[in-house]
Every structure is written in structure tokens, then in C-alpha cells.
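Spelled out from the first residue to the last, the chains are:
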Amino acid sequence: MSGPHISRTIADLRTELKGWRQQGLSVAMVPTMGALHEGHLSLMREALSRADRCIVSIFVNPTQFAPTEDLDKYPRQLEHDIERLREVGVHLAFTPSPDEVYPKGFATKIIVGGPSAGLETDFRPHFFEGVATVVTKLFQQATPDCAVFGEKDYQQLCVVRQMCRDLDIPVEIVGAPTVRDEHGLAMSSRNAYLDEAQLAIARRLNVILRGASAAISGGADPAAETASASLALLDAGFKTIDYVAARECGSLGPWRPETEGRLLAAAWLGSTRLIDNVEIAARS
Ligand code: PAF
């Protein structure tokens, strides 16, 4: 199959979209920062199953990185990524430059409340402003009917849903399950930073979270369980634990035993920060 059409500008993207819309075709979008792995490909397959055409944006968004973070070293491999899109059957790759997205004089920020409070925001206060701003722009540019986001970035998924609800953005937000390797490690572009020894430690993250989640649903005190999960992560070899927290699905308020929840964590291995989350079943 031939590769995706590549749009580097908003004008070119809109020309392609106009043709599709004139034919009455529906459009699904998967926003990414590239360095595509199996997790991203599963989002694309989900998108392809929901619409006639699938757009994948590949844009390493500078506004969601703090000056101290890994913007410069974030993996960029456009040719490889385009080949993956071709394999999956994606129709269009939108690969704008930073100047195309943030032209000189750009001065607007989208700030979302609700589920953006705490967790990632406590450690990366700039992050959701950057994500919300770029996702709003991507939705304005591509005007998709639906967009697929991974549950791996669960707080991001909740923030994007909240934003679309609050701002009447007519894009259906679809959450897709986390793709894991055979040891349960969540696929992430940042796994590429890990050496073999660190990978072995990283694979403990989901095991420890699943154990704590089962204990919490089974009646254990959430505060005690999250504290002991943090200790277990340190014992396993993680350097610093930013958080392990039990939250209610959607709102990300404190978990209540009668509701479905998520156990979310962020932890450092060397200079790499990993995040993951697992479900917490409501107590019966
Ligand atoms: O999840 C990501 O890769 C990014 O945060 C996103 C949604 C593409 C916005 O830059």
C-alpha cells in the first residue's frame, strides 16, 4: 500500500481535508509526538476502525516541556515513523514545524481545571497548559470527528475530555487501553532511554501497581497501600517516586470504594521519568 500523504503546513492539511469532506468522509485523529511504537499503532488501528480517514500528527510540542526537560533529546525519527504509518494504513501524516504551530507573536494558552489538578501538575506545572493548547490547535486545524488517546497517559486523557466538554469542541474523545510488553511494561517512547538493567527495574512498576490495586479493591487502606507501593518501587531500584495515588476515574478526585478508580504513578529511573496506571475495581 502507498504511504500516507504528508502535510507539513496547515494550508496543505486543509486542502486534503476539504477533498475528504466533499466526499462525505469521516475523519479520526491520533495526536502524537512521534517515536512511534506499538502503543501508538494500536491507537491508529482504533482510529481507522472508527472513521473513513485517519490523520496522525507528529509534532514534538515544545510548550509541554519545561526548560529542564528532555525536549532536545526527545527521540525524533520521522522517516521510520512514516513507514509505520504506511504499514498501518494511515491516510495522512501532519508534520508541522514549530514555527507553523507557534508563529512569531503567538500568545494564547488554554488552562484546564478539574482533573489537571495534582499528580503530573505537582511535578510538571507547565505540562497540561502545553498539551491543552496544542491539542486545541490540532483539533482546529484537522477538525476530526473523533480523536484517540492512550489510557497510558490517563490524566492527559481526562484533561482533554474535560477541555472538549467545557469548550464545546465537537470531537469525540476515545480512550484506548495501554499496550504492554510481555512483562507488562507500558509502551512509551521514553523506554528507548533505558538500558537493560533499567528495563528490568521498569518492568516492576506495573507488577507493584497491580498488587497495590488488588489490595485496595480488596479492602486495604488506600493511603497505606500507596505508601507501601512507593517503598516497593524504591526497593526495586527506582530512584525517586513522584507519586503513587488512588483516584476516581474521570474526575481524578480521591478514590471512593464504591467507584471504579485508577492507581496512578510516576517514578524516576536514572534521568528517565516513567508513568503508568492500572484500574482499581470498585469494592463489592
Ligand atoms: O501524548 C502525547 O504524545 C502528547 O502529549 C500529545 C497529546 C500528542 C500532545 O503533544
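Computed from a prediction, not measured in an experiment: that's the story for all the values here.

Student: So what exactly am I meant to see when it comes to the overall build of the protein here?
Tutor: Tallying secondary structure elements over the protein gives 10 helices and nine strands in all. Since a compact globule built from 284 residues should have a radius of gyration of about 19 Å, the 19 Å found for the protein is in line with a globular shape. When each of the 284 residues of the protein is scored for burial, the buried share is 54%. The contacts in the protein between residues at least 6 apart in sequence include a share of 72% that link residues at least 24 apart. Entry remark: accessible area of the protein is about 12,800 Å², with carbon and sulfur atoms responsible for 52%. Of the side chains in the protein, 29 bear a positive and 36 a negative charge, and the two mean positions are spaced by 2 Å.

Student: Honestly, unusual backbone geometry in this entry has me stumped. Any pointers?
Tutor: Peptide bonds are mostly trans, and most non-glycine residues show a negative phi. Phi is positive for A35, close to 50 degrees, though the residue is something other than glycine. In this structure, A35 sits in the loop between β2 (27–32) and α2 (38–50). Residue A35 is classed as buried on the basis of its relative accessible area, which comes to 6%. Even without being a glycine, D168 presents a positive backbone phi close to 55 degrees. Mapped onto the elements of the fold, D168 is located in the loop between α7 (154–166) and β6 (172–176).

Student: Help me understand the pattern of salt bridges in this model?
Tutor: Pairs may arise between side chains of opposite charge once their charged atoms sit close together. Using the criterion set out here, one finds 18 salt bridges in the structure. Linking E38 and R84 is a salt bridge whose minimum nitrogen-to-oxygen distance equals 3.9 Å. Of this pair, E38 sits in helix α2 while R84 sits in helix α3 (residues 78–88), placing them 46 residues apart in sequence. Residue class for E38 comes out partly exposed when judged on its relative accessible area of 32%.

Student: What am I meant to see in the nonpolar core here?
Tutor: Proteins that are soluble and globular tend to have nonpolar side chains buried together. Counting 43 residues, the largest nonpolar core has I55, V135, F139, F149 and I173 as its most contacted members. At the level of secondary structure, the elements contributing two or more residues to this core comprise α1 (10–22), β2, β4 (92–94), α6 (127–142), β5 (146–150), α7, β7 (240–248) and β8 (261–269). Within the second largest apolar cluster, 24 residues are counted, among which are I201, W255, L263 and I280.

Student: What should I look at first to understand the site of the ligand in this one?
Tutor: Contacts to the ligand come from P31, T32, M33, N61, Q64, V131, V134, F149 and Q156. Contact between the ligand and Q64: an oxygen atom at 2.6 Å from a side-chain N or O atom of the residue. The residue makeup of the shell around the ligand, split by class, is five nonpolar, four polar and no charged.

Student: How should the sheet that holds β6 be read in this particular structure?
Tutor: The strands making up a sheet associate through hydrogen bonds between their backbones, and the pairing can be parallel or antiparallel. In space, the six strands of this open sheet follow the order β1-β4-β3-β2-β5-β6, with parallel pairing throughout. The open sheet is flanked by β1 (5–7) and β6, the only strands paired with a single partner. With strand direction ignored, the average angle separating the axes of adjacent strands in the sheet is 25 degrees. Judged from the five bridges that link them, β5 and β6 form a sheet pairing that is parallel. Counted as the bridge partner of A147 is I173 from β6. Here α1 sits on the sheet in contact with β1, β2, β3 (53–58) and β4, set at roughly 135 degrees to β1. The strands touched by α2 are β2, β3, β5 and β6; relative to β5, the strand with the most contacts, the crossing angle is about 155 degrees.

Student: Looking at this model, I keep getting lost on the UniProt feature "binding site: beta-alanine" (unreviewed entry) in the protein. Mind explaining?
Tutor: Following the UniProt record, one finds the feature "binding site: beta-alanine" (unreviewed entry) at Q64. With relative accessibility at 8%, the residue Q64 sits in the buried group. Other than its neighbours up to four places away in sequence, Q64 contacts M33, E69, R124, H126, F127, G130, V131 and V134.

Student: Which parts of the structure should I look at to understand the sheet that holds β7?
Tutor: Ordered in space as β7-β8-β9, the three strands form an open sheet in which the pairing is antiparallel. Here the strands that pair on one side only, and so sit at the sheet edges, are β7 and β9 (272–280). Taking the axes of each pair of neighbouring strands and ignoring which way they run, one obtains an average angle of 10 degrees across the sheet. With nine bridges joining them, β8 and β9 adopt antiparallel strand pairing. What sits directly across from A267, in β9, is L274.

Student: Looking at this structure, I do not really get the environment of L17. What am I missing?
Tutor: Inspection of the secondary structure puts L17 in helix α1. Given the relative accessible area of 6%, L17 is considered buried. The sequence separation of L17 and P144 amounts to 127 residues, and the corresponding C-alpha distance is 9.4 Å. Ignoring sequence-local partners within four residues, the contact set of L17 consists of V27, I55, Q141, A142 and T143.

Here is what the cut-offs are and how they apply
- Residues numbered from 1 in each chain as written.
- Predicted model: local features only at pLDDT ≥ 70, side-chain atom pairs only at ≥ 80, totals over all residues.
- Heavy atoms only, no water.
- Helix = DSSP H or I, 4+ residues; strand = E, 2+ residues; numbered from the N terminus.
- Rg over C-alpha atoms; globule rule 2.2 N^0.38 Å.
- Buried < 20%, exposed > 50% of the residue type's maximum accessible area, 1.4 Å probe, protein only.
- Contact = heavy atoms within 4.5 Å.
- Areas by Shrake-Rupley, 256 points an atom, 1.4 Å probe, with all protein chains shown as cover.
- Lys, Arg positive; Asp, Glu negative; His and termini not counted.
- Charge placed at Lys NZ, Arg CZ, Asp CG, Glu CD.
- Salt bridge = Lys/Arg side-chain N within 4 Å of Asp/Glu carboxyl O.
- Core = buried A, V, L, I, M, F, W, Y, C linked by side-chain atoms within 4.5 Å.
- Near = heavy atom within 4 Å.
- Polar contact = N/O pair within 3.5 Å; in protein donor to acceptor, adjacent residues only side chain to side chain.
- Nonpolar A, V, L, I, M, F, W, Y, C, P; charged D, E, K, R; others polar.
- Pairing = 2+ DSSP bridges.
- Axes fitted to C-alpha atoms, helices over the stretch in contact; angles between N-to-C directions.
- UniProt positions renumbered as here; feature names shortened; annotations may be inferred.

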